[in-house]
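Structure assessment
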Amino acid sequence: MSMNAALQAETLEEQVLETLRTVVTAPDGPDIVGSGAVYAVVATGGAVRVLIDPDRIPAGEQEPLAEFITPLVEALPGVERVVVKPRPRSVAQRPELPDIARVVAVHSGKGGVGKSTVAVNLACALAAAGYRVGLLDADVYGPSAPTLLGLSGRAETTADGLRIRPLVAHGVRVMSLGFLLPEGQALIWRGSLVDQGLPQLFTDVDWGGLDVLLVDLPPGTSDVHLAAARQVALAGVVTVTAPGQLSVDDVRRGMEMFADLAVPCLGVVENLAALTCRRCGAVGKVFGSDGGAGLAAEVGVPLLARLPFLPALAASGDAGVPVVVGEPDSLPARIFTGLARSLAERIGLRQEARQSWT
Amino acid sequence: MDLKKPFPVPVVSAAAARRAEDPWYAEPQSPVPGVRDVVLVGSGKGGVGKSTVTVNLACALAAQGLRVGVADADLYGPSVARLLGTGAGLAHGEDGRTVPTLAHGVHAVSVANILPPEAALAWKGPLVAQALLQLFHEVAWPDLDLLLVDLPPGTGDVQLTLLEQVPVSGALLVTTPQRLALADAERGIALFHELDIPVFGLVENMSHYVCPCCGEHQPLFPEGGVRDLAARRHVSYLGSVPLDPAGQALADGGTPLVAAQPEAAAAQAFTAMAERLRAAVELERRALDRSPEAGGREAHAAFWEQLLD
């Protein structure tokens, strides 16, 4: 069903593009799609965003153009709402990071849905599959990667003293703010600090060559997300949600934000789906049901994985050994391995020849 | 929905935000009209059930006869409106100020009342401050004994702005027994203590799961270290709340567990907690009243001025 929905969504975006190809800005000029004036079209369910390239359409002409194309797009079946806006400046300037083939963000609308657990296990599963993997814990408010991976201590600088050396756990190179500050101390990040501090985590870490860098973002929509999307060209976002409506509401907000930033959503991971009683085996839908699947179908992205609420998973996190590493044959480990496989496929991950990395 | 009057009315720059003629502008630490005590509800980590605890505590306090309000300051993930079942849109009084919703005996204002659920709320620092202060000074709060403020998780702009601008009686923190959540809760306690804000206590949420079928108590997270943390940081342990699937279903439907099933184990836990919180706030109030009136206030103001510089 989810594949089907994905196909439909692609057609909706393509339908919009098709319609926009009939619009020209000069009588015998190229159409606005061909000329690049339309930077991107992103559909989130029935909400369609058309991002205009401000380098090609001057500020004074954007408004009339938006007024002209909005009714055209609105007339398409399945379109509920149209937003035409200039693409954020930052999108064009985002640098490709040297030596990192793909950057994928892991995000959730609400906290506590298991985003970091998913990120850490995904990283370990990708590493086990032979990819060179980095994990950047950008959750500035509550860095969890150190605990989940059983890492402690401080990050050190490289021999030349210019860059920070990531720590390594289970084949994954890891950088977290948790390595830069003592435990139990309040970390107060003003917006300005985020603007300065986060870029450093991207540029000043000596990752070596990576096939993929996973970025564990904080939940919600905040300065940190904008800063991250500005800093690097993200290949996409993996969205983690609990099945309840509360979580789905917040996730939708996050999806809209990434759509605004022209970052595609690669798929949804539904976590905490159900809890099985250890005595009688009754299944309780503790955090609602089917929200993730519903969201994936509605927005038209695949449901990449679905995990039950497993107390053992929380225990493995507290113990610092990701379940993918500690119990590779268990149910959650197999789900994470499958998730890694489908993600690698979706972003066209290639396994470069392993290089020695010190 | 009154979209012509979006919540931050109107959005202005940080420099302009300081101008006293802005209707929402109030001197730092000026009291919220009609409100006796402002109590913050925070959590280090997200998803530990902070909003659920806030709403249920508010209902329990209201049931005990207090006049209670909830300000949803979780700008990044407002959920109070959904939890209380109040729809989108707020009324405006004659003076143009927003009138809180009233449901289950609790007056509430949430940014979700005004913004469509899918609106991308990527708030920048100065806008955060403005929207927050509107929650206190642009809202026609009725006379309240207690205003609970549902904070976003963590220690960021919202917490700092609130503590700078609003006279806060104290705070409580919600956590689960997970090591991850505990570490973050400890950061939260440290923040409040550093800024000289009393911490009324720790709430342990999702301590265990009660099977609705056989009643089996099943721990969800290893080693309950919440009591240890409370002891280590010298704050009181307010109690634990089990995870109740019925509560989740009710929450999605907009009825707090305390209002719908007051006899449920989790609801009783909230009621007991509400009593402890009331006592703690009362104690703090008496301590404040005893302290030499003018001197205490002035010292407090001076402290903040130094911090702001």
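Residues numbered from 1 in each chain as written. Chains lettered and ligands numbered in written order. Predicted model: local features only at pLDDT ≥ 70, side-chain atom pairs only at ≥ 80, totals over all residues.

1. Some details on the overall build of chain A
Each helix and strand in chain A was counted, giving 12 helices and 15 strands. Contacts spanning at least 24 positions in sequence make up 75% of the contacts within chain A whose residues lie at least 6 apart. (Helix = DSSP H or I, 4+ residues; strand = E, 2+ residues; numbered from the N terminus. Contact = placed C-beta atoms within 7 Å.)

2. A word on the overall build of chain B
Counting its regular elements, chain B contains 11 helices and 11 strands. A burial count over chain B gives 55% of its 309 residues as buried. (Buried ≥ 20, exposed ≤ 12 C-beta atoms within 10 Å, placed from the backbone.)

3. What to know about the sheet that holds strand 2 (residues 47–52) of chain A
Residue and element names in this part refer to chain A. On the basis of which strands lie adjacent, the open sheet formed by three strands has the order 1-2-3 and mixed pairing. Of all the strands in the sheet, the pair left with one neighbour each is strand 1 (38–44) and strand 3 (81–86). Each neighbouring strand pair of the sheet contributes to a mean axis angle of 15°, computed without reference to strand direction. Here strand 2 runs beside strand 3; their pairing, made up of six bridges, is parallel. Across the sheet, the residue bridging to V48 is V82, located in strand 3. Of the strands in this sheet, strand 2 and strand 3 touch helix 2 (residues 59–74), which is tilted by about 155° from strand 3. (Pairing = 2+ DSSP bridges. Axes fitted to C-alpha atoms, helices over the stretch in contact; angles between N-to-C directions.)

4. What to know about the domain arrangement of chain A
Under the domain assignment used here, chain A contains domain 1 (2–87) and domain 2 (94–346). Taking the mean C-alpha position of each, domain 1 of chain A and domain 2 of chain A sit 32 Å from one another. (Domains from an automatic or database assignment.)

5. Re the interface of chain B and chain A
Contacts between the two partners involve 50 residues from chain B and, on the opposite side, 52 residues from chain A. Counting only elements with at least two residues in the side of chain B that touches chain A, the list comes to helix 5 (157–165), helix 6 (179–194), strand 10 (217–219) and helix 8 (245–253) of chain B. Of the residues contributing to the side of chain B that touches chain A, the split by class is 26 nonpolar, 12 polar and 12 charged. (Nonpolar A, V, L, I, M, F, W, Y, C, P; charged D, E, K, R; others polar.)

6. Things to note about the nonpolar core
Ranked by size, the top nonpolar core spans 118 residues in total, and within it L122, A123, V133, L135, L214, V215 and L339 of chain A carry the most contacts. Of all the elements, helix 4 (residues 115–128) of chain A adds the most residues to this core, at nine residues. In this view, V215 of chain A contacts V103, A105, V106, L136, A138 and A228 of chain A; residues no more than four positions away in its chain are not counted. In terms of nonpolar packing, the next biggest core, distinct from the first, is built from 87 residues, A103, V106, L238 and M273 of chain B among them. (Core = buried A, V, L, I, M, F, W, Y, C linked by C-beta atoms within 7 Å.)

7. Notes on helix 8 (residues 245–260) of chain A
Residues and elements named next belong to chain A. Given a rise of 1.5 Å per residue, 16 residues ought to cover 22 Å, and the 23 Å separating the end C-alpha atoms of helix 8 matches this to within 8%. Most of helix 8 is tucked away, with 16 of its 16 residues classed as buried. Once helix 8 finishes, A262 follows within two positions and takes phi at roughly 60°, a positive value. (Expected span 1.5 Å × (residues − 1).)

8. Section: the packing of helix 4 of chain A against helix 12 (residues 331–346) of chain A
All names here are of chain A. Contact geometry for helix 4 and helix 12: axes closest at 8 Å, N-to-C directions at 75°. In terms of axis orientation, helix 4 runs roughly perpendicular to helix 12. The residues of helix 12 that touch helix 4, namely those facing N121, L122, A125 and L126, are F336, T337, L339, A340, L343 and A344. Looking at the contact of helix 4 with helix 12 residue by residue, the class counts come to eight nonpolar, two polar and no charged. (Parallel < 35°, antiparallel > 145°, perpendicular 65-115°, else oblique.)

9. Regarding the packing of helix 8 of chain A against helix 9 (residues 291–299) of chain A
A pair of packed helices is characterised by two quantities: the angle between their axes and the separation of those axes. Residue and element names in this part refer to chain A. Interhelical geometry of helix 8 versus helix 9 gives an angle of 30° and a closest axis separation of 10 Å. By the angle between their directions, the pair helix 8 and helix 9 is classed as roughly parallel. Judged by the sense of rotation from one axis to the other, the crossing of helix 8 with helix 9 is right-handed. Facing Q245, S247, V248, V251 and M255 of helix 8, the residues of helix 9 in contact are G291, L295 and V299. (Left-handed = near helix turned anticlockwise from the far one by under 90°.)

10. Considering the pairing of strand 9 (residues 199–210) of chain B
All names here are of chain B. With 10 of 12 residues buried, strand 9 is to be regarded as a mostly interior element. Note that strand 8 (residues 170–175) and strand 9 share five bridges and pair parallel. Bridged to A171 within strand 9 is V199. Relative to strand 10, strand 9 is paired through three bridges, and the arrangement is antiparallel. Of the residues in strand 10, the one forming a bridge with V210 is H217. Hairpin geometry of strand 9 and strand 10 is characterised by an intervening segment of six residues between the two adjacent antiparallel strands and by a positive phi of about 80° at G215.

11. Side note on the sheet that holds strand 10 (residues 210–216) of chain A
Residue and element names in this part refer to chain A. Sheet architecture is open: eight strands sit in the order 8-9-5-10-4-11-12-15, paired in mixed fashion. The sheet is open, and its two edges are formed by strand 8 (167–169) and strand 15 (303–306), each paired on a single side. Across the sheet, the mean angle from the axis of one strand to that of its neighbour is 25°, orientation sign disregarded. Inspection of the sheet shows strand 4 (residues 100–108) paired to strand 11 (residues 236–241) by five bridges, in the parallel sense. By the bridge assignment, A105 is partnered in strand 11 with V237. Against the sheet, helix 4 contacts strand 4, strand 5 (133–137), strand 9 (172–176), strand 10, strand 11 and strand 12 (265–270), and its axis sits at roughly 170° relative to strand 10.

12. Quick look at the confidence of the model for chain B
Residues and elements named next belong to chain B. For chain B, the average pLDDT comes to 82, and 79% of its residues sit at 70 or higher. Confidence drops under pLDDT 50 across residues 1–20; counting only partners more than four residues distant or on other chains, this segment forms 22 contacts. Overall fold confidence (pTM) sits at 0.79, and the ipTM for the predicted complex is 0.73. (pLDDT = per-residue confidence, 0-100.)

13. A few points about unusual backbone geometry
Within the chain, H170 of chain A stands out as a residue other than glycine whose phi angle is a positive 50°. The residue H170 of chain A is located in the loop between strand 8 and strand 9 in this model. Phi at H234 of chain B takes a positive value of approximately 55°, unusual for a residue other than glycine. Checked against the element boundaries, H234 of chain B lands in the loop between helix 7 (226–232) and strand 11 (237–243).

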